[in-house]
Amino acid sequence: MKKISVIIPCWNEEEALPIYYNKMCEMMEQMTEVKFELLFVDDGSTDDTLIFLRGLNKKDPRCRFFSFSRNFGKEAAIYAGLKNVQGGDFVAIMDVDMQDPPELLPEMYYILQSEGYDCVGAKRSNRVGEPRIRSYLSEKFYKVINRISKIEIVRGARDYRVFNMKVMNAVIEMGEYNRFSKGLFEWVGFRTKWLEYDNVERSAGDTKWTIWKLFLYSLEGITSFSAVPLSFAAVTGLLFCVVSFFMVLFIVVRTLIWGDPVSGWPSLVCIIFLVGGIQLFCTGILGHYLSKIYMETKHRPIFIMKESSDEL
Ligand code: UDP
Ligand code: MG
């Protein structure tokens, strides 16, 4: 009998959890040929998520839980889940809000079993029900990251995937502090198939992502997998050198022919502002990478566990 371990990051999900669990019970009953293990990772919830998980663990031995000392983020929760999978054949990562439909599980499992893929991911074919601005910014993000990094991130890809132990071990080996799962799974390679589905709205509760958090997350993705922004300073610097050479030439020739009337300070101010701005921008990019290196060299733990069902 094959075993699937499902990793479920939860942060303040007391409303969505019961709905999810009931649905998963249905799925587990349907897939009789598979043994399931549900690994809930409580990412420092401040509501009753942990209490619910404790109860679930008592009631249903298939459900294990891990609870962080504070909110460490979804990426940390996924990593903690991966690290705590015990044996088995396949691993799945799933959101608790039903936006990663459990109905897809049998098909994903079937593809892994019979078509020789190492990983099956789910991607949304549309973004119905999502704020326009969010869809627009996501679209831009995919464009930028795919252009300037070596990895190719599939548009609309979610973190919802099922994969075998080889993929899991490869991803665990990437123990970096700045984690961007979509990139990590692409980076390790292996054969991946994408299943499309229509966007589903949250079953209960609210999304934990604000536009600002998403923006920071996208910077994380770009800087983790591309060094192209660092070349920006060099390229603009070079461009400005060439432009200034012609400007000097122009001014010398003009002065020789027409003399030197005092004029043009507005343009001078504009140029100073422009160059100053570009310099600051480049320093900012450098600073961003530097901060990533700084965090990475500290070797801080990615998460801190406060409580887990394994201790009981
Ligand atoms: N999540 C988490 N820690 C966080 C943010 C989110 O564990 O800091 C979990 C959350 O409980 C949910 C999943 O990650 O199971 C996806 O979150 P959400 O639905 O808010 O994101 P969206 O679907 O809107 O992208
Ligand atoms: Mg969601």
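**Remarks on the nonpolar core**
- Ranked by size, the top nonpolar core spans 39 residues in total, and within it Ile4, Val6, Tyr20, Met24, Phe36, Leu38 and Phe40 carry the most contacts.
- Excluding anything up to four places from it in sequence, tyrosine 20 contacts Val6, Ile8, Phe40, Met94, Asp95, Val96 and Met98.
- Grouped together as the second largest cluster of nonpolar side chains are 37 residues, Phe68, Tyr79, Phe141 and Ile153 included.

**With respect to the sheet that holds strand E5 (residues 119-124)**
- On the basis of which strands lie adjacent, the open sheet formed by eight strands has the order E7-E5-E6-E4-E1-E2-E3-E8 and mixed pairing. Whereas interior strands pair on both sides, the edge strands pair on one side only; in this sheet they are strand E7 (192-197) and strand E8 (305-308). Neighbour to neighbour, the strand axes of the sheet diverge by 20° on average, direction disregarded.
- Pairing of strand E3 (residues 63-68) with E8 involves three bridges; the strand directions are antiparallel. Residue pairing in the sheet places phenylalanine 68 in a bridge with methionine 305 of E8.

**Notes on helix H6 (residues 165-173)**
- Burial in H6 covers these residues: Met165, Val167, Met168, Val171 and Ile172. Taken end-on, H6 shows its buried residues confined to a sector of 155°, consistent with a single buried face. Those residues of H6 that are exposed and aimed more than 90 degrees away from the buried face are Lys166 and Glu173.
- For H6, the secondary structure elements touched by its buried residues are helix H3 (74-83), strand E4 (90-93), strand E6 (157-164) and helix H7 (181-187).
- Structurally, the start of H6 carries an N-cap: the backbone nitrogen of lysine 166 is 3.2 Å from a side-chain oxygen of asparagine 164.

**Re the site of ligand 1**
- The local shell around ligand 1 holds 18 residues, among which Glu13, Asp43, Asp97, Gln99 and Lys208 are the closest.
- Interatomic distance of 2.6 Å between a side-chain N/O atom of glutamate 13 and an oxygen atom of ligand 1.
- One of the side-chain nitrogen or oxygen atoms of aspartate 97 is found 2.6 Å away from an oxygen atom of ligand 1.
- Its free accessible area being 530 Å², ligand 1 has 94% of it covered by the protein chains.

**So, the coordination of the magnesium ion (ligand 2)**
- Surrounding the magnesium ion (ligand 2) are the protein donor atoms Asp97 (OD) and Gln99 (OE1), at 1.8 to 1.9 Å. Neither residue differs from the other here; aspartate 97 and glutamine 99 are each classed as buried.

**Focus on a negative patch on the surface**
- Together, Glu14, Glu15, Asp48 and Asp206 make up a region of like negative charge exposed at the surface.
- Position of glutamate 15 relative to the elements: it lies in the loop between strand E1 (2-10) and helix H1 (16-30).

**Digging into the pattern of salt bridges**
- A complete count under the given rule lists 15 salt bridges for this structure.
- Notably, a salt bridge pairs arginine 64 with aspartate 310, separated by 2.9 Å at the nearest N-O pair. Of the two residues, arginine 64 sits in strand E3 while aspartate 310 sits in the segment after E8, which places them 246 residues apart along the sequence.
- Note on arginine 64: relative accessible area 9%, which makes it buried.
- Residue classification places aspartate 310 among the partly exposed residues on the basis of a relative accessible area of 38%.
- Its salt-bridge partner being lysine 123, residue glutamate 196 comes within 3.8 Å of it at the nearest N-O pair. Taken together, the positions of glutamate 196 in strand E7 and lysine 123 in strand E5 put the pair 73 residues apart, joining distant regions of the chain.
- The network of salt bridges with common partners includes Lys74, Asp95, Asp100, Arg158 and Asp159.

**A look at the packing of helix H5 (residues 132-148) against helix H8 (residues 211-225)**
- Contact geometry for H5 and H8: axes closest at 10 Å, N-to-C directions at 10°. Compared by their axis directions, H5 and H8 come out roughly parallel. For the pair H5 and H8, contact is made by Ile133, Arg134, Leu137, Phe141, Val144, Ile145 and Ile148 and by Ile211, Leu214, Ser218, Gly221 and Ile222, respectively.
- Residue composition of the contact of H5 with H8, grouped by class: nine nonpolar, two polar and one charged.

Cut-offs used in this document
Residues numbered from 1 in each chain as written. Chains lettered and ligands numbered in written order. Predicted model: local features only at pLDDT ≥ 70, side-chain atom pairs only at ≥ 80, totals over all residues. Heavy atoms only, no water. Core = buried A, V, L, I, M, F, W, Y, C linked by side-chain atoms within 4.5 Å. Buried < 20%, exposed > 50% of the residue type's maximum accessible area, 1.4 Å probe, protein only. Contact = heavy atoms within 4.5 Å. Pairing = 2+ DSSP bridges. Helix = DSSP H or I, 4+ residues; strand = E, 2+ residues; numbered from the N terminus. Axes fitted to C-alpha atoms, helices over the stretch in contact; angles between N-to-C directions. Arc of directions from axis to C-beta. Polar contact = N/O pair within 3.5 Å; in protein donor to acceptor, adjacent residues only side chain to side chain. Near = heavy atom within 4 Å. Areas by Shrake-Rupley, 256 points an atom, 1.4 Å probe, with all protein chains shown as cover. Donors = N, O, S within 2.8 Å, 3.2 Å for Na, K, Ca; no water. Patch = residues over 30% accessible without salt bridge, like charges linked within 9 Å, V, L, I, M, F, W, Y side chains within 5 Å. Salt bridge = Lys/Arg side-chain N within 4 Å of Asp/Glu carboxyl O. Lys, Arg positive; Asp, Glu negative; His and termini not counted. Charge placed at Lys NZ, Arg CZ, Asp CG, Glu CD. Parallel < 35°, antiparallel > 145°, perpendicular 65-115°, else oblique. Nonpolar A, V, L, I, M, F, W, Y, C, P; charged D, E, K, R; others polar.

Remember, this is a structural readout, not a statement about activity or role.
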